[in-house]
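What follows is each chain in one-letter form.
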Amino acid sequence: MRIGDAAAAAGTTPRALRFYEQRGLLPPPARSASGQREYGSGTVDRVRVIRALLALGLTVEDLVSRSHRLDLLAEDPPRSCASDGDFGPDTFAPVVERRLAALDAEIARLTRLREALARHTGTPPGPELPGQ
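### Comments concerning the side chain of Arg 46
Turning to step 1, where the next piece is worked out: With respect to the helices and strands, the residue Arg 46 is situated in helix 3 (residues 41-55).
Turning to step 2, where the next piece is worked out: Take Arg 46: its relative accessible area is 8%, and that puts it in the buried class.
Turning to step 3, where the next piece is worked out: There is a polar contact of 2.6 Å between the side chain of Arg 46 and the backbone oxygen of Leu 25.
Turning to step 4, where the next piece is worked out: Beyond its immediate sequence surroundings of up to four residues, Arg 46 is in contact with Leu 25, Leu 26, Pro 27, Ser 67, Leu 70, Asp 71 and Ala 74.

### Examining a nonpolar patch on the surface
Turning to step 1, where the next piece is worked out: A contiguous nonpolar surface patch, about 310 Å² in accessible area, is contributed by Val 96, Leu 100, Leu 103 and Ile 107.
Turning to step 2, where the next piece is worked out: Mapping Leu 100 onto the fold places it in helix 6 (residues 93-121).

### Comments concerning helix 1 (residues 3-10)
Note: α-helices contain 3.6 residues per turn, so residues at a spacing of three or four share the same orientation.
Turning to step 1, where the next piece is worked out: Burial in helix 1 covers these residues: Ile 3, Ala 6, Ala 7 and Ala 10. Down the axis of helix 1, the buried side of the element spans an arc of 100°, and every buried residue falls inside it.
Turning to step 2, where the next piece is worked out: In this structure, the buried side of helix 1 is in contact with helix 2 (14-22), strand 2 (37-38) and helix 3.
Turning to step 3, where the next piece is worked out: Downstream of helix 1 by a residue or two, Gly 11 has a phi angle that is positive, lying close to 80°.

### Some thoughts on the pattern of salt bridges
Turning to step 1, where the next piece is worked out: Inspection of every chain in the model, using the stated rule, returns five salt bridges.
Turning to step 2, where the next piece is worked out: Between Asp 45 and Arg 48 there is a salt bridge; the shortest N-O distance is 3.6 Å. Here Asp 45 and its partner Arg 48 are both found in helix 3, three residues apart, which amounts to about one turn of the helix.
Turning to step 3, where the next piece is worked out: For Asp 45, a relative accessible area of 30% translates into the label partly exposed.
Turning to step 4, where the next piece is worked out: Assessed through its relative accessible area of 41%, Arg 48 is described here as partly exposed.
Turning to step 5, where the next piece is worked out: Linking Arg 46 and Asp 71 is a salt bridge whose minimum nitrogen-to-oxygen distance equals 3.0 Å. Taken together, the residues Arg 46 in helix 3 and Asp 71 in helix 5 (residues 70-74) connect sequence positions 25 residues apart.

The rules behind the values
- Residues numbered from 1 in each chain as written.
- Predicted model: local features only at pLDDT ≥ 70, side-chain atom pairs only at ≥ 80, totals over all residues.
- Heavy atoms only, no water.
- Helix = DSSP H or I, 4+ residues; strand = E, 2+ residues; numbered from the N terminus.
- Buried < 20%, exposed > 50% of the residue type's maximum accessible area, 1.4 Å probe, protein only.
- Polar contact = N/O pair within 3.5 Å; in protein donor to acceptor, adjacent residues only side chain to side chain.
- Contact = heavy atoms within 4.5 Å.
- Patch = residues over 30% accessible without salt bridge, like charges linked within 9 Å, V, L, I, M, F, W, Y side chains within 5 Å.
- Areas by Shrake-Rupley, 256 points an atom, 1.4 Å probe, with all protein chains shown as cover.
- Salt bridge = Lys/Arg side-chain N within 4 Å of Asp/Glu carboxyl O.
- Arc of directions from axis to C-beta.

Here it is, written out as structure tokens:
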């Protein structure tokens, strides 16, 4: 399928597909005789995985560092992207743990900010959050 059709099937734009290709998240597509990009259903599945991981807060750089594992997540059902149950440095585990730590730090920062603002306005403190 052509780039517009593949992008629509994956819920994105042709520009995004070209960007993912430039960043190494997608392999270079086959080309038609006229030079147009030709994509298969496997690429559409991979783009859906990329978009889902980006929506979870991972960055393009995070995904580039583990691009060789993206197809495992595109399988139906998705396979673990750990190799043989290993959660070593080549898997997504370190990337996800770094992202979780960044989210925890941001939540803590925002909680402190909310509490400081509430003190200045007399607003009651926010709800008790897990881990506080």
